[in-house]
Amino acid sequence: MNGTFLPVRRFLSGGRTVFAACTVLAMAAAQAQPASVPASSTASVCPAEVAAGSQCVSGRDSAGAYYWLAMPPAWSGTLVVHAHGGPEFGRLKVKQPLEDLKRWSVWTRAGYAYAGTGYHQAGVAVLSAAQDIERVRQIFVARFGAPKRTILHGNSWGAGVAAKAAEMYAGMASVGAKPRYDGVLLTSGVLAGSKSYDFRLDLRVVYEVACGNHPLPSEAQYPLWQGLPPGSKLSAAELEARVDECTGASQEPETRTAAQQRRLDTIVHVIRIPERILVHDLEWATRGFQDIVFTRLGGRNPFGNVGVRYVGSTDDDALNAKVLRYRADPAAQAAFAADADLQGRIGVPVLTLHAIDDPTAFVELESTFRDTMNRGGSGDRLVQVFSDDHEHSYLADAEYVSVMGAL
């Protein structure tokens, strides 16, 4: 696996008793049909990256999500509906769906039409984003007519959104009726639902032992599962500066002090992440946790590390004696799982592509997703392929076109 960094925890999906509750919530969400009439729609100039001669439409849907559509001049008849990664925290970016269209313009150059939404809620809101996905599909149909085939594509965090949308709108309950999607392509997917984030609590507690500056001793102390207390003014730049002061992570190795290198080694060897992703993951364990805890769960804790033993440091006993321990609130876990977890009940073909050395969404997530699909009765519809890449957000045009053709 040459250079693969394994997570400190295995992504196990068992041990929860929320399967039935999640299924009921997903079915209820599926019955709530998103409105198909956009709030605004404008013929727009396509970005240069899109296939020459394409028609583009942008607008804002009835729920407030910004979107872009693109129709290539030589259309194959297939529509790709895209669920973008992230998610965003704070104010939604008007330009997010335009940036997504630029990044995934390969679909138009391969002859596929494109529909993408920026979602109408910021933060970790999976069910809501899945409904936004269905809404933009309906907008495309209203504007350009029904395609011969519709493929649901999700990347990174958006792969979980796409899988959720597939369960809602192309699930096994649709047997006997035409599903709204004919296939699902999930790339670099964060596919373990609510369990995808546990290792970031591990990161927070190990980082605090090593560095002790997030929060600083002079700041109000708070349980690290909160990410940040409400109203905190800590900026991303300030967080990065703290990480760099402690570990020298943004510096060349030869310019770090011995103490910085020792602390950095402790963090990356225990959590098993590459140096280059440390700040990103710590930011996610800050803003992302704050969103999950306070925006989604009313201040309740869905994360726990009781019984986890941390290994990989120069003195694991000393490390484990100092690590802060938290016990998750079962009700918070269940509420988080109801939104984020997957049931593996998809009634159409699903193909996944994952880089073996993905530094952000560990390749082990694919094993959890396979187990989920098997448990839900859809395992025979799943094909998983892997590439020898070292990136996460975007691999290569040829790989995406190839797997889409295979699907």
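*Asks:* Is there a simple way to think about the nonpolar core in this case?
*Replies:* Ile-133, Leu-152, Val-161, Leu-186 and Phe-369 are the most contacted members of the largest nonpolar core, which has 83 residues in total. A total of 9 residues in this core trace back to one element, the largest contributor, which is helix H5 (residues 157-169). Setting aside chain neighbours within four positions, we find Val-161 in contact with Ala-83, Tyr-119, Val-126, Ala-129, Ala-130 and Ile-133. Core analysis: the second largest hydrophobic core is formed by 22 residues, Val-80, Leu-101, Val-106 and Tyr-400 among them.

*Asks:* Explain the state of the cysteines here, please?
*Replies:* Linking two cysteines covalently through their sulfur atoms gives a disulfide. Applying the stated rule across the entire model yields 2 disulfides. Paired through a disulfide, Cys-46 and Cys-56 show a sulfur-sulfur distance of 2.0 Å. Given an S-S torsion of about 115 degrees, the disulfide between Cys-46 and Cys-56 has right-handed geometry. One end of the pair, Cys-46, is in the loop between strand E1 (40-44) and strand E2 (55-60); the other, Cys-56, is in strand E2, with 10 residues separating them in the sequence. Of the two residues examined, Cys-46 and Cys-56, each falls in the buried class. The partner cysteine of Cys-211 in its disulfide is Cys-246, sulfur to sulfur 1.9 Å. Residues Cys-211 and Cys-246 are joined by a disulfide whose S-S torsion is about -85 degrees; by sign, that bridge is left-handed. On the criterion of sequence distance, the pair formed by Cys-211 in helix H6 (residues 198-211) and Cys-246 in helix H7 (residues 236-247) is long-range, its members being 35 residues apart. When the bonded cysteines of the protein are numbered from the N-terminus onward, they pair as 1-2, 3-4.

Criteria and thresholds
Residues numbered from 1 in each chain as written. Predicted model: local features only at pLDDT ≥ 70, side-chain atom pairs only at ≥ 80, totals over all residues. Heavy atoms only, no water. Core = buried A, V, L, I, M, F, W, Y, C linked by side-chain atoms within 4.5 Å. Buried < 20%, exposed > 50% of the residue type's maximum accessible area, 1.4 Å probe, protein only. Helix = DSSP H or I, 4+ residues; strand = E, 2+ residues; numbered from the N terminus. Contact = heavy atoms within 4.5 Å. Disulfide = S-S within 2.5 Å.

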